[in-house]
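The lines below spell out each chain.
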Amino acid sequence: MPASRLHLVRHGEVHNPGRVLYGRLPDFHLSDDGQRMAIAAAEHVAGLGRDVEALRCSPLERTQESAAPFAERFHLEPVLDERVIEPTNVFEGTQMRRSLMNPLNWWHLRQPSVPSWGEPYVSVAERMRAAMDDLWHTTEAGDAVIVSHQAPIWITHLSVAGLPLRHDPRTRRCALSSVTSFERVGDVWREIDYAEPAATGGAVDVGAV
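Predicted model, so just to flag it, every value in this text is computed and none were measured.

(A) A look at the overall build of the protein chain. Along the backbone of the protein chain there are five helices and six strands. When the elements of the protein chain are put in sequence order from the N terminus, they spell out β-α-β-α-β-α-α-β-α-β-β. Its C-alpha radius of gyration of 17 Å places the protein chain within 12% of the 17 Å reference for a compact globule of 209 residues. Its C-alpha atoms give the protein chain principal-axis dimensions of about 55 × 40 × 25 Å. Counting over 209 residues, the protein chain shows a buried share of 50%. Contacts in the protein chain between residues far apart in sequence, at least 24 positions, make up 71% of those at least 6 positions apart. Element-wise, carbon and sulfur atoms account for 52% of the exposed surface of the protein chain, whose accessible area totals about 10100 Å². Put simply, the protein chain has 21 plus and 28 minus side-chain charges, and the middle of one group is 8 Å from the middle of the other.

(B) A look at the nonpolar core. Of all hydrophobic cores here, the largest spans 28 residues; its most connected members are L6, L8, M132, I146 and W189. Contributions of two or more residues to this core are made by strand 1 (5-10), helix 4 (121-138), strand 4 (143-148) and helix 5 (150-161). In terms of residue count, helix 4 provides more of this core than any other element does, eight residues in total. Excluding residues within four positions of it along the chain, L8 makes contact with M128, M132, I146, I153, T156, S178, V179, T180 and F182. Grouped together as the second largest cluster of nonpolar side chains are 15 residues, V9, C57, V145 and V179 included.

(C) Examining the packing of helix 4 against helix 5 more closely. As a packed pair, helix 4 and helix 5 sit with axes 9 Å apart at the nearest point and diverge in direction by 85°. Viewed along their axes, helix 4 and helix 5 adopt a mutual orientation that is roughly perpendicular. Taking contact as the criterion, the partners of Y121, V124, A125, M128, R129 and M132 in helix 4 are, on helix 5, P152, I155, T156, S159 and V160. Classifying every residue of the contact of helix 4 with helix 5 gives eight nonpolar, two polar and one charged.

(D) Highlighting the side chain of R10. Residue position: R10 is located in strand 1. There is a polar contact of 2.8 Å between the side chain of R10 and the backbone oxygen of C174.

Procedures and definitions
Residues numbered from 1 in each chain as written. Predicted model: local features only at pLDDT ≥ 70, side-chain atom pairs only at ≥ 80, totals over all residues. Heavy atoms only, no water. Helix = DSSP H or I, 4+ residues; strand = E, 2+ residues; numbered from the N terminus. Rg over C-alpha atoms; globule rule 2.2 N^0.38 Å. Buried < 20%, exposed > 50% of the residue type's maximum accessible area, 1.4 Å probe, protein only. Contact = heavy atoms within 4.5 Å. Areas by Shrake-Rupley, 256 points an atom, 1.4 Å probe, with all protein chains shown as cover. Lys, Arg positive; Asp, Glu negative; His and termini not counted. Charge placed at Lys NZ, Arg CZ, Asp CG, Glu CD. Core = buried A, V, L, I, M, F, W, Y, C linked by side-chain atoms within 4.5 Å. Axes fitted to C-alpha atoms, helices over the stretch in contact; angles between N-to-C directions. Parallel < 35°, antiparallel > 145°, perpendicular 65-115°, else oblique. Nonpolar A, V, L, I, M, F, W, Y, C, P; charged D, E, K, R; others polar. Polar contact = N/O pair within 3.5 Å; in protein donor to acceptor, adjacent residues only side chain to side chain.

See below:
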């Protein structure tokens, strides 16, 4: 039997005093609040009363740290999966608002439907779907958790819902340490729940742009 349910969990708040778009850059860790958010996400999933039998996460520090409370609570060893990593972005390492004021950067915004500033949405959707399919079929029973990032989770939501992948990053419904849950019937994924168990009102760094 395959898994019963798959939860995509976004990482907690990152310590980012420079307010840069960190993307795949190393050494961006959870803030103290981010660690509490990650614990809240794990407690929420545990509170569902379901067995969690598999745990994967992006190889970036913030997702590994956000997976740690799940590993502790469910006695699992998280497996790193490159397929659920943050998309590439030409603005990585910059302050986005300042970058957009520079006319030399406007060329990167020429095709927002792709998007032209980074990895195509279609590519993100395909690698996320491959990771989900793989984990679903290799989890013999119970639920599975993938700790990932805002963009991949939101693009997965759009793909599963059959909606256009083009979107404004500022409008994503994917809060810090949120949990987006899916089930699969045959070859068809369906989203069954979305929860925001962590208090994020005081967050300084909320991601996106």
